[in-house]
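Chain by chain, the residues:
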Amino acid sequence: MFYNQYPYNLFSQEIIESMLKSQQSININQLHHIEQQENIMHIRKAISDYCDAARKVSPDYQQIALKACIDEIMIQAAKDGVN
């Protein structure tokens, strides 16, 4: 018999290792995708929270709120190295 030919070679160490590496790569990509989807949901929630809070600001305080938001945008941009 020829044990190095199909179907016997399906269980060779090289093929098994290759399949495991491929599966690990798929799992890492799936995990990354799930994490990114969660990040997107956090961003969406933050925007929703912002809009809810902005609706509660009375007209007399809207300019103050706008300045505070712009200040925070500038702080965050500085953290990211944006000039």
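Residues numbered from 1 in each chain as written. Predicted model: local features only at pLDDT ≥ 70, side-chain atom pairs only at ≥ 80, totals over all residues. Heavy atoms only, no water.

Draft legend 1. Expanded view of the overall build of the chain. Helices and strands together make up the secondary structure of the chain, namely two helices and zero strands. Going through the 83 residues of the chain one by one, you find that 1% of them count as buried. (Helix = DSSP H or I, 4+ residues; strand = E, 2+ residues; numbered from the N terminus. Buried < 20%, exposed > 50% of the residue type's maximum accessible area, 1.4 Å probe, protein only.)

Draft legend 2. Broad picture of the pattern of salt bridges. Counted according to the given criterion, the structure contains three salt bridges. Lys45 is the partner of Asp49 in a salt bridge, and the nearest nitrogen-oxygen pair spans 2.6 Å. Here the residue Asp49 and the residue Lys45 both occupy positions in helix H1 (residues 13-55), the gap between them amounting to four residues, near one helical turn. You can call Asp49 partly exposed: its relative accessible area is 36%. For Lys45, a relative accessible area of 49% gives the class partly exposed. (Salt bridge = Lys/Arg side-chain N within 4 Å of Asp/Glu carboxyl O.)

Draft legend 3. Structural context of a nonpolar patch on the surface. A surface patch of nonpolar side chains, about 330 Å² in accessible area, is lined by Phe11, Ile16 and Leu20. Inspection of the secondary structure puts Ile16 in helix H1. (Patch = residues over 30% accessible without salt bridge, like charges linked within 9 Å, V, L, I, M, F, W, Y side chains within 5 Å. Areas by Shrake-Rupley, 256 points an atom, 1.4 Å probe, with all protein chains shown as cover.)

Draft legend 4. Representation of the layout of surface pockets within the structure. By volume, the largest pocket is sized at about 160 Å³. What lines the largest pocket is simply Tyr50, Ala53, Ala54, Val57, Gln62, Ala65, Leu66 and Cys69. Elements with a contribution of two residues or more to the lining of the largest pocket: H1 and helix H2 (62-79). Tallying contributions element by element places H2 first for the lining of the largest pocket, with four residues. Partitioning the lining of the largest pocket into residue classes produces seven nonpolar, one polar and no charged. (1 Å grid on protein atoms, 1.4 Å probe; cavity = no way out; pocket = protein on both sides within 12 Å on 5 of 7 lines; lining within 4 Å. Points joined across faces, edges and corners; volume = space filled by probe spheres on them. Nonpolar A, V, L, I, M, F, W, Y, C, P; charged D, E, K, R; others polar.)

In short, geometric facts, not functional conclusions.
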